[in-house]
Structures are given as C-alpha cells and as structure tokens.
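Survey of secondary and tertiary structure
Given next are the chains, with one letter for each unit.
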Amino acid sequence: MSADRKTLLVTGGSRGIGAAICRQASEAGYRVAVNYVSNQSAADALVAELKGAGGDAFAVKGDVGHEAGVIAIFEAVDQAFGRLDAFVNNAGIVDAKARVDEMSVARLERMMRINVVGSFLCAREAVKRMSTRHGGQGGAIVNISSAAARLGSPGEYVDYAASKGAIDTMTVGLAREVALEGIRVNAISPGITDTEIHASGGQPDRVARMQDLLPMKRAGTADEVAGAVLYLLSDAASYITGAILTVSGGR
Ligand code: NAP
C-alpha cells in the first residue's frame, strides 16, 4: 500500500545533488516530495521521470529563505502524504567569487538567510512532525554541508564556507537534542561535485579547472553524494547520529 511507504522531503530536490537523492530514494521505495524555488520545468520533469518509473512523487514550490515558504512546503507534504519519515536539508546557494573585504551586507544576509536560517527553519518543521515529543513516529534528517566548512574557501566564498560550518554545528547539537525522540540527525559533507551550482556562482568551468588538484583527479557525482545520504537515512545507520560524513574523494 502506498500509504505504508516511507516519505521523504528534499529541499532543492529538483536539480543536482537533491535530484539524485530523490531518484535513489524513489527507487528505494520512498514517496518523495521534490522542493524547488523557481525552475518549475526541472521539478516537473523529475517528478514525471519518478512517476514514469513507478514512483510516487510531487513537486512543491517554496523558498527556504522565507519562513512562510518553509511552512508552505511542509504543509504541502502534510497534505499529500500525511506523514514525514525522512528529510534532507539540501537547498543551498553559493555566490560570485569574492574576498571578505568585498562582501556587501546584502550578500552576507542572503547567504545566511538561505543556507543557515532556512536550514534551521526546515529542521524545526521536520522535528515538529517527527519527534515523539510532539506525537510523531521518529525519523531521520540529513543536512547537506560542504567540505568548504573545513577548508574555508579563501578568495572564493568564505561566507558560504561559514554558512556550512553552521550546518555542521547544527547537526551535532540537534542530533543530541532529539536523540531520545526517535530522530537521527546527520550531515554529508560533499567535496566538489559536478552540478550546476558552480555556474550559478559565475564559475561554470570550476569542476574542469579544479579536478587536477583533487586527490582522485576528478569531481564527485551527485549520485555518489546521494548514495551516502540514502545510507544515513536508512535503518543500516540506526546507531549513527550527530555524524558528519565527508564525501570528497579524499579532499
Ligand atoms: P544546484 O545544482 O545549484 O541545485 C540547487 C537546488 O536548490 C535546485 O533544486 C534549486 O531550485 C534549489 N534551491 C536554490 N535556492 C533555493 C531556495 N531558496 N529554496 C528552495 N530551493 C532552493 O546545487 P547542488 O550543487 O546540487 O547543491 C545542493 C547542496 O549541496 C547545497 O546545499 C550545496 O551547498 C551543497 N554542496 C554542493 C557541492 C557541489 O560541488 N555541487 C559541494 C558541497 C556542498 P531551482 O531549480 O528552482 O533553482
């Protein structure tokens, strides 16, 4: 029965790493809510693909950078699925290459609003639905951090790296906060992964330019990151919480 199947919401699930997570989750039997913010055709195409392969999925538009958007996303999932078993805090942005001494308040506030405040608000809504303290059945949360949190991204985007540092800390703290409430909270820390995010930051050649500097001489794929996410969501990871798993090819 469809109603017995586990459900998953992925913010920014329509493209890149999020889309790979949605594909693998759908294949594993999850019913999947695919969030996006502006590119409706990419979200619709993915949902059609998942449904065509026998999955149960829908697209939900909403900006994680605004509280009303976050609430609307989770309410759409309530309405469509009536339960939330797994949540991936994946939506995130970079910005144009800049030094800290060039960064405007507007840039910094946008970066922190989407990557940090948005992730907190989404985690809040997920916990309200999953926690046994709130009458939920438990669940699993995976936050998508970045190796940038460790490397700092000098000369490129220290603000982005710092936003991911906040995600690492949130992962550890929230994991301990809800450990007795049936919820596991972990993070994946990807290295350079071949998606469109680099072009969105004005560096479409970033993967090609950087790959010779990487230990494996190649970037990761969205599927390689998604595989680790699916593992952390699964019962095979039942004793793993508060962990930050690096998927960076040794970087
Ligand atoms: P991507 O290819 O640029 O895809 C971004 C996705 O997030 C799209 O679905 C986009 O929706 C959505 N999105 C953007 N802003 C949003 C907002 N305000 N509210 C809701 N959804 C929003 O990105 P990606 O490379 O897959 O990155 C996914 C995550 O991995 C991010 O958190 C990123 O920081 C992290 N990460 C990426 C890399 C890498 O090298 N790619 C490395 C480390 C960490 P639309 O299609 O509507 O725009």
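Here, the structure is the one placed above.
The following refers to the structure shown. For every chain, the first residue of the written sequence is number 1, and numbering continues from 1 onward in sequence order. Totals for whole chains, interfaces and linings use all residues, but because this is a predicted model, local features are given only for residues with pLDDT of at least 70 and pairs of side-chain atoms are given and counted only at 80 or more. Heavy atoms from the whole structure form the basis of all side-chain values; hydrogens and water molecules are not counted.

Looking at the overall build of the protein
A run of H or I in DSSP counts as a helix once it spans at least four residues, and a run of E counts as a strand once it spans at least two, with each numbered from the N terminus. Counting its regular elements, the protein contains 9 helices and 7 strands. Relative to a compact globule of 251 residues, whose C-alpha radius of gyration would be 18 Å, the protein shows 17 Å and is just as compact. For the protein, the C-alpha atoms occupy an extent of roughly 50 × 40 × 35 Å along the three principal directions. Buried residues in the protein amount to 51% of all 251 residues. Only heavy atoms matter for contacts: two residues are in contact if any of them lie within 4.5 Å across the pair. Contacts in the protein between residues at least 24 apart in sequence constitute 72% of all its contacts with a sequence separation of at least 6. Per-residue accessibility takes into account occlusion by the displayed protein chains alone, with areas from the Shrake-Rupley method and a 1.4 Å probe. Here the protein has roughly 11400 Å² of accessible surface; of this, 54% comes from carbon and sulfur atoms. Computation of the radius of gyration draws on C-alpha atoms, with the globule rule given as 2.2 Å multiplied by the number of residues to the power 0.38. Accessibility here uses a 1.4 Å probe with only protein chains present; expressed as a share of the type maximum, an area under 20% marks a residue as buried, one over 50% as exposed, and anything in between as partly exposed.

Digging into the sheet that holds strand S5 (residues 139–144)
A pair of strands is considered paired only if DSSP assigns at least 2 bridges between the two. Read across the sheet, 7 strands follow the order S3-S2-S1-S4-S5-S6-S7 without closing on themselves; strand pairing throughout is parallel. A strand with exactly one partner marks an edge of an open sheet, and here the two such strands are strand S3 (57–61) and strand S7 (244–247). In this sheet, adjacent strand axes meet at a mean angle of 20° when their direction is disregarded. Here strand S1 (residues 7–10) runs beside strand S4 (residues 86–89); their pairing, made up of 3 bridges, is parallel. From the neighbouring strand, Leu-9 faces S4, where its bridge partner is Phe-87. Helix axes are fitted only over the stretch in contact, all axes being lines through C-alpha atoms; the angle between N-to-C directions runs from 0 to 180 degrees. This element, helix H1 (residues 16–27), spans S1, strand S2 (31–36), S4, S5 and strand S6 (183–190) of the sheet and lies at about 170° to S1. The strands that helix H9 (residues 222–233) touches are S1, S4, S5, S6 and S7; relative to S6, the one it contacts most, it runs at about 165°.

Some thoughts on the packing of aromatic side chains
Pairs were defined over the aromatic rings of Phe, Tyr and Trp, the Trp ring being its six-membered one, requiring ring centres within 6.5 Å. Orientation was assigned from the angle between planes: stacked under 30 degrees, edge-to-face over 60, tilted for the rest. This structure, assessed with the given rule, holds 3 aromatic pairs. Pairing Phe-58 with Phe-81 gives two aromatic rings, centres 5.3 Å apart and planes at 80°, and the pair type is edge-to-face. With Phe-58 in strand S3 and Phe-81 in helix H3 (residues 67–81), this pair connects stretches of sequence that are 23 residues apart. The exposure classification of Phe-58 matches that of Phe-81, with both residues buried. Measuring from centroid to centroid gives 5.4 Å for Phe-74 and Phe-87, while their planes differ by 55°, and the two rings are tilted. In this pair, Phe-74 sits in helix H3 while Phe-87 sits in strand S4, placing the two residues 13 residues apart along the sequence. As far as burial versus exposure is concerned, Phe-74 and Phe-87 are alike and both buried.

Some remarks on H9
What a helix should span is 1.5 Å times the count of its residues minus one. The terminal C-alpha atoms of H9, which comprises 12 residues, lie 16 Å apart, in line with the 16 Å expected from a rise of 1.5 Å per residue. Within H9, burial applies to Ala-222, Val-225, Ala-226, Ala-228, Val-229, Leu-230, Leu-232 and Leu-233. Contact partners of the buried residues in H9: S1, H1, S4, S5, S6 and S7.

Some points on the nonpolar core
Judged by nonpolar contacts, the single largest core of 35 residues is most densely connected at Leu-9, Phe-74, Leu-84, Phe-87 and Ile-141. Mapped by element, the contributors of at least two residues to this core are S3, H3, helix H4 (105–130), helix H6 (158–177) and S6. In terms of residue count, H4 provides more of this core than any other element does, 8 residues in total. Only buried residues count toward a nonpolar core, which is a set of Ala, Val, Leu, Ile, Met, Phe, Trp, Tyr and Cys residues joined through side-chain atoms within 4.5 Å. Val-10, Ile-17, Val-34 and Val-88 belong to the second largest nonpolar core, which has 30 residues in total.

A word on the site of the ligand
The cutoff for a nearby residue is simple: one of its non-hydrogen atoms must lie within 4 Å of the molecule or strand. Around the ligand lies a shell of 31 residues, among which Arg-15, Ile-17, Ser-38, Tyr-160 and Thr-195 are the nearest. Contact distances for the ligand include 3.0 Å between a nitrogen atom and a backbone N or O atom of Val-64. Between an oxygen atom of the ligand and a side-chain N or O atom of Lys-164, the distance comes to 2.9 Å. Contact with the protein chains hides 95% of the accessible area of the ligand, taken as 910 Å² for the molecule alone. Among the elements of the structure, H1, S2, H6 and helix H7 (197–200) are those that each provide at least two residues to the shell around the ligand. Two N or O atoms form a polar contact when they lie within 3.5 Å of each other; inside protein one atom must be a possible hydrogen donor and the other a possible acceptor, and for residues adjacent in sequence the pair counts only when both atoms belong to side chains.

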